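Residue-level listing of the chains:
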Amino acid sequence: MSDDDGSRGVISPADRRRPSVRWTLRISQPVILAAVAIAGLGPILWTVKGALSPTQEILKDPLRLWPSVLQWGNLPTAWENLRLGRYLLNTAVLVGGSWFFQLLVATCGAYALSVLRPRYGRVVYYAVLATLFIPGTTSLVALYLVVLHLPLTGVSIANTPWAVWLPAGAHAFNVLIMKQFFDSLPRELHEAAQVDGAGPWRLFWQIVMPMSGPIVAVVSLLAVMSAWKEFLWPMIVISDPDAQPLSVALPRLAETTQQNQVIAGMLITIIPPLLLYLVFQRHIVRGIGFTGLKG
């Protein structure tokens, strides 16, 4: 391997040929890979084990690698006793609306900043960027007051899905990574379409969006993951127990339910986003590669 083949790294090819470096890499790389796999898969495997274990065994030996007796009946029992079907439906409604509004704001906002480029676009861009440095908890009180009395109308949307959907749309990070992707698109296509008489909406729907499948997949995954695991805000604005999502309902039900059934409910909860990632993994990885997103 030559030094000018474009495969430069922290360790040079000359160092890799040294026996001490070569053996260090052969030992350290599998160890690091195993540690990462344990850190990533460990919680999921423990959840599977806890969902199939007796409650007394979980309490006596929580670090046991595998249950002594597999209790597959914990899953249907938890589904029925915890009313997981109802809470899964609530979660799907909240996640679907949050995904739609996040994608709508991200695509339209990024399109305006990257393609249309209004006069004060740079000021708006830095204002959006500045919101990333504001902790979300500092604005909870103000946001809750807005939900209780919407500006101009004075209508309260508390205890409705709108109280979760609309604030979810104001997600600055999605706008920024979408803008970064739009900036990478060749402007010659935009200019050629405008010469052919394409207006802003036609340019958006027929030129920009058909080329943005990878980044749409990334933003969609980020939106679904953030909405699926959201706990604090839905707990504040949705006080009706029958309308709460799984992330809020499970901790409340854990106070009066056997622990193995609660863990079984947690296992059922993590299956949908896991399947979503596995199905769209190729598009997501491709989109991350386009945006240069790290970590």
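All values reported here derive from a predicted model rather than from experimental measurement.

## Focus on the overall build of the protein chain
Line of reasoning, step 1. In terms of helices and strands, the protein chain carries 16 helices and 0 strands.
Line of reasoning, step 2. On C-alpha atoms alone, the protein chain measures out to a radius of gyration of 24 Å, which is more than a quarter above the 19 Å that the 2.2 N^0.38 rule sets for 295 residues.
Line of reasoning, step 3. Counting only C-alpha atoms and orienting by the principal axes, one finds that the protein chain spans roughly 75 × 70 × 35 Å.
Line of reasoning, step 4. In the protein chain, which comprises 295 residues, the share counted as buried stands at 34%.

## Comments concerning unusual backbone geometry
Line of reasoning, step 1. For Arg 83, which is not glycine, the phi dihedral falls at a positive 55°.
Line of reasoning, step 2. Looking at the secondary structure, you find Arg 83 in the loop between helix H4 (74-81) and helix H5 (84-116).
Line of reasoning, step 3. Given the relative accessible area of 39%, Arg 83 is considered partly exposed.
Line of reasoning, step 4. Notably, Leu 152 is not glycine yet its phi reads approximately 75°, a positive angle.
Line of reasoning, step 5. Position of Leu 152 among the secondary structure elements: in the loop between helix H7 (140-148) and helix H8 (162-169).

## Structural notes on the confidence of the model for the protein chain
Line of reasoning, step 1. On average, the protein chain scores 85 in pLDDT, and the residues at 70 or more come to 92%.
Line of reasoning, step 2. Mean pLDDT values over the elements of the protein chain span from 64, in helix H16 (residues 281-291), up to 93, in H5.

## Some remarks on the side chain of Ser 98
Line of reasoning, step 1. Relative to the helices and strands, Ser 98 is located in helix H5.
Line of reasoning, step 2. A relative accessible area of 2% means that Ser 98 is categorised as buried.
Line of reasoning, step 3. Residue contacts for Ser 98: discarding those within four places in its chain leaves Val 164, Trp 165, Ala 168 and Ala 227.

## Brief notes about the packing of helix H6 (residues 121-130) against helix H9 (residues 172-184)
For any two helices packed against each other, the geometry is given by the interaxial angle and the distance between the axes.
Line of reasoning, step 1. Contact geometry for H6 and H9: axes closest at 9 Å, N-to-C directions at 135°. Comparing the axis directions of H6 and H9 gives the class oblique. Crossing hand, H6 versus H9: left-handed. Contact residues: H6 offers Tyr 125, Val 128 and Leu 129, while H9 offers Ala 172, Leu 176 and Lys 179.
Line of reasoning, step 2. Of the residues that constitute the contact of H6 with H9, the class distribution is 5 nonpolar, no polar and 1 charged.

## Let's talk about the nonpolar core
Line of reasoning, step 1. With 22 residues, the main nonpolar core has Tyr 111, Met 178, Phe 182, Val 208, Ile 215 and Val 219 as its most contacted residues.
Line of reasoning, step 2. Mapped by element, the contributors of at least two residues to this core are H5, H9, helix H11 (200-208) and helix H12 (213-229).
Line of reasoning, step 3. With 6 residues, H5 is the single largest residue contributor to this core.
Line of reasoning, step 4. What Tyr 111 contacts, discounting residues up to four positions off in sequence, is Leu 116, Phe 182, Pro 200, Leu 203, Phe 204 and Val 208.
Line of reasoning, step 5. Core analysis: the next-biggest nonpolar cluster, separate from the first, contains 19 residues, Ala 51, Leu 88, Trp 228 and Leu 267 among them.

## Quick look at the pattern of salt bridges
Line of reasoning, step 1. Counting across every chain of the model gives 3 salt bridges.
Line of reasoning, step 2. For Arg 64, the salt bridge identified is with Glu 57, shortest N-O distance 3.8 Å.
Line of reasoning, step 3. What makes Glu 57 buried here is its relative accessible area of 14%.
Line of reasoning, step 4. For Lys 179, the salt bridge goes to Asp 183, with nearest N and O atoms at 2.8 Å. A residue pair is termed a helical-turn pair when its members lie 3 or 4 positions apart in one helix, as Lys 179 and Asp 183 do in helix H9 at 4 residues.
Line of reasoning, step 5. Assessed through its relative accessible area of 14%, Lys 179 is described here as buried.

## Some words on the packing of aromatic side chains
Line of reasoning, step 1. Tallied over the full model, the rule gives 9 aromatic pairs.
Line of reasoning, step 2. Ring centres 6.2 Å apart and planes at 85° place the aromatic pair Trp 201 and Phe 204 in the edge-to-face group. Note that Trp 201 and Phe 204 are positioned in helix H11 at a spacing of 3 residues, about one turn of the helix.
Line of reasoning, step 3. We classify Phe 204 as buried; its relative accessible area is 3%.

## With respect to H8
Line of reasoning, step 1. Among all positions in H8, only Ala 163, Val 164, Trp 165, Ala 168 and Gly 169 are buried.
Line of reasoning, step 2. Next to the buried residues of H8 lie H5, H7 and helix H13 (232-237).

## Thoughts on the environment of Leu 189
Line of reasoning, step 1. Here Leu 189 shows up in helix H10 (residues 187-195).
Line of reasoning, step 2. Leu 189 sits in the partly exposed class, given a relative accessible area of 38%.
Line of reasoning, step 3. Along the chain, Leu 189 and Leu 203 lie 14 residues apart, while their C-alpha atoms are 9.3 Å from each other.

So, how was this worked out
Residues numbered from 1 in each chain as written. Predicted model: local features only at pLDDT ≥ 70, side-chain atom pairs only at ≥ 80, totals over all residues. Heavy atoms only, no water. Helix = DSSP H or I, 4+ residues; strand = E, 2+ residues; numbered from the N terminus. Rg over C-alpha atoms; globule rule 2.2 N^0.38 Å. Buried < 20%, exposed > 50% of the residue type's maximum accessible area, 1.4 Å probe, protein only. pLDDT = per-residue confidence, 0-100. Contact = heavy atoms within 4.5 Å. Axes fitted to C-alpha atoms, helices over the stretch in contact; angles between N-to-C directions. Parallel < 35°, antiparallel > 145°, perpendicular 65-115°, else oblique. Left-handed = near helix turned anticlockwise from the far one by under 90°. Nonpolar A, V, L, I, M, F, W, Y, C, P; charged D, E, K, R; others polar. Core = buried A, V, L, I, M, F, W, Y, C linked by side-chain atoms within 4.5 Å. Salt bridge = Lys/Arg side-chain N within 4 Å of Asp/Glu carboxyl O. Phe/Tyr/Trp six-rings, centres within 6.5 Å; stacked < 30°, edge-to-face > 60°.

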